[in-house]
Amino acid sequence: MISSMFQRILPSKTITSALIAGTLLTACASAPPRTEVPSQYIPFGALRQDSSQAVFFNDRPLPADVVVADHTGDGQIVILALSGGGSYGAFGAGVLSGWSQTGTRPQADVVTGVSTGALLSTYAFLGKEYDAKSEEVYANITNKKVYERRDLLSIPFSPSFASQKPLRQMMEDLMTDEVLDKVAKERRDKGRRLLVASTDLDNGRVVVWDLTALANSTRPDRRTMYVDALMASAAIPGFFEPVMISPEPDRPEKRTQMHVDGSMSASIFVPPFIASEIKQPLKVYAIVNSQIMEERSEKLVQVNSLQILEASVLKMMRTVLQRSLYDVYLATMFVGGDFYMIGMPEDADLRANQLKFDPAVSTKLTEIGRSLASQNQWMRELPRFDSLVTQVQSDELLKGLRRQRQATQQPTKR
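Residues numbered from 1 in each chain as written. Predicted model: local features only at pLDDT ≥ 70, side-chain atom pairs only at ≥ 80, totals over all residues. Heavy atoms only, no water.

### Here we look at the overall build of the chain
- On a plain count of helices and strands, the chain comes out with 12 helices and 11 strands.
- The buried share of the chain, reckoned over its 414 residues, is 53%.
- If you take every contact in the chain between residues at least 6 apart in sequence, the share linking residues at least 24 apart comes to 78%.
- Surface exposure of the chain reaches about 20000 Å², of which carbon and sulfur atoms provide 52%. (Helix = DSSP H or I, 4+ residues; strand = E, 2+ residues; numbered from the N terminus. Buried < 20%, exposed > 50% of the residue type's maximum accessible area, 1.4 Å probe, protein only. Contact = heavy atoms within 4.5 Å. Areas by Shrake-Rupley, 256 points an atom, 1.4 Å probe, with all protein chains shown as cover.)

Here you go:
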């Protein structure tokens, strides 16, 4: 994937030269040196996660039962989690559309997204009236609408091989004030939450952004900050430049944080405070914009740096996805919730990697996702992953939970 990605950006005969030039000229890069690690500062809209009590950026305690509130009054809490997957996000758009067509799609109390899942999350949060728009975006998307190739001579002086200016322009066009006003209204009226994740590259931690807080803000730059969070969540390191976010927006020159794709840390997630006491039944729906299992067929890796890098990164991304899914599954089980998942079929022959935006492939993925959801093809348990040696299935978890509850309910012996 990585080697083919680079080959689309650079002519094949110049790849080696570019890598050598990049190594020799790194010290000459035009970006000013960063002298202060600003990770202890919390930007506007980010949730702090370094304690058991999640707090807002300005240290005000999270309002009781807001994020995990049953906003519809239906007696349950619903979380919708959208994974990363690049151009495969078209699959998620199809799942949402097919799910709506069944008439059984609930309005989620919390929606989370990472990478392409983050880009899809706003329309998923606003509901079925935006399904057609989501499908339309992926059906018409091409490489040129996502990134611009950098010229060979500029690469050593740039933070990435390509610029995502076209993608940013598209997101700014889609995330209008009207859309943000609707997101803000859902927060004010119902207490619903829309959360996306990026990775703080200085410390490697996941940063969760409350898009509903950003949308509800009266700040004049709320749209810029909203799009910043989305772009940070989808900024593939090395391919797209990091998104520099200042924790002090009024003094951006003071210090900045370097944020990249959330999938580097977690490909899918539920809110970090989900382990707190939940009074209502919990349902977690995971839409996985990728194939999940280990590849069974052997592919001969040639002894060159690009193929070794490609094979290594693919393995890393698959392992991160599996571990993230397992974390979501465990978090759901430990609070006695119900887990549901739809992922891309393992036998889907796409003939394109996640960084190639081909309308024909997107249309095929959308159709697959719509078909699976319309047939209610939700999995209740995760498959066994080779990369995770010790795994606990839901029946074992539930037995352990029942034993724990029984022990806590027994009267204390005097």
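### Quick word on helix α4 (residues 116–126)
- Counting buried residues in α4 gives 11 out of 11 residues, a clear majority hidden from the surface.
- Along α4, the residues that are buried comprise T116, G117, A118, L119, L120, S121, T122, Y123, A124, F125 and L126.
- Where α4 terminates, the next one or two residues include G127, which has phi positive at roughly 105 degrees.

### Things to note about the packing of helix α7 (residues 177–190) against helix α9 (residues 222–233)
- Closest axis-to-axis distance for the α7/α9 pair is 11 Å, and the angle between their directions is 80 degrees. Between α7 and α9, the angle falls in the class roughly perpendicular. Two secondary-structure elements touch here, α7 through D177, L180, D181 and V183 and α9 through R222, R223 and Y226.
- Among the residues making up the contact of α7 with α9, the classes are represented as 3 nonpolar, no polar and 4 charged. (Axes fitted to C-alpha atoms, helices over the stretch in contact; angles between N-to-C directions. Parallel < 35°, antiparallel > 145°, perpendicular 65-115°, else oblique. Nonpolar A, V, L, I, M, F, W, Y, C, P; charged D, E, K, R; others polar.)

### Description of the pairing of strand β11 (residues 338–343)
- Most of β11 sits out of view: 5 of its 6 residues are buried.
- As paired strands, strand β10 (residues 282–288) and β11 are joined by 6 bridges and run parallel to one another. Residue pairing across strands places V288 opposite G343, the latter belonging to β11. (Pairing = 2+ DSSP bridges.)

### Examining the pairing of strand β9 (residues 257–261)
- Counted residue by residue, β9 has 5 buried out of 5 residues, so it is predominantly covered.
- One ladder, built from 3 bridges, connects strand β6 (residues 193–200) with β9; its direction is antiparallel. Within β9, the position partnered with T199 by the bridge is V260.
- Two strands pair when backbone bridges link them, and strand β8 (residues 243–245) and β9 are joined in this way by 3 bridges, in the antiparallel orientation. Within the sheet, the bridge partner assigned to M244 lies in β9 and is M258.

### As for the environment of Y130
- By the secondary structure assignment, Y130 is in the loop between α4 and α5 (131–139).
- Put simply, Y130 and L96 are 34 residues apart on the chain and 9.6 Å apart in space, counted from C-alpha to C-alpha.
- Discounting chain neighbours no more than four positions away, the residues touching Y130 are Y123, V179 and K182.
- Within the structure, Y130 has its side chain in polar contact with the side chain of K182 (distance 3.0 Å). (Polar contact = N/O pair within 3.5 Å; in protein donor to acceptor, adjacent residues only side chain to side chain.)

### Here we look at the packing of aromatic side chains
- Evaluation of the coordinates by the stated rule reveals 7 aromatic pairs.
- Judged by centre distance (5.0 Å) and plane angle (25 degrees), the rings of Y123 and Y130 are stacked.
- By relative accessible area, which is 12% here, Y130 ends up buried.
- The interplanar angle of 20 degrees and the centroid separation of 6.5 Å between the aromatic rings of Y326 and Y329 together place this pair among those described as stacked. Remark: Y329 and Y326 occur in helix α10 (residues 305–334); sequence separation between them is 3 residues, near one turn of the helix.
- Since its relative accessible area comes to 10%, Y326 is described here as buried.
- Taken together, the aromatic side chains of W99, Y285, Y340 and W378 make up a single cluster linked through ring pairs.
- The ring of F125 is capped by R192, whose NZ or CZ atom sits 4.0 Å from the centre of that ring. (Phe/Tyr/Trp six-rings, centres within 6.5 Å; stacked < 30°, edge-to-face > 60°. Lys NZ or Arg CZ within 6 Å of the ring centre and 35° of its normal.)

### Let's talk about empty space enclosed by the protein
- For the structure shown, the criterion picks out 1 cavity of 30 Å³ or more.
- Estimates place the volume of the largest cavity at around 250 Å³.
- T116, L119, Y138, I141 and L167 are the residues nearest the centre of the largest cavity, which is lined by 23 residues in total.
- Mapped onto the lining of the largest cavity, the elements with two or more residues apiece are α4, α5 and α6 (165–174). (1 Å grid on protein atoms, 1.4 Å probe; cavity = no way out; pocket = protein on both sides within 12 Å on 5 of 7 lines; lining within 4 Å. Points joined across faces, edges and corners; volume = space filled by probe spheres on them.)

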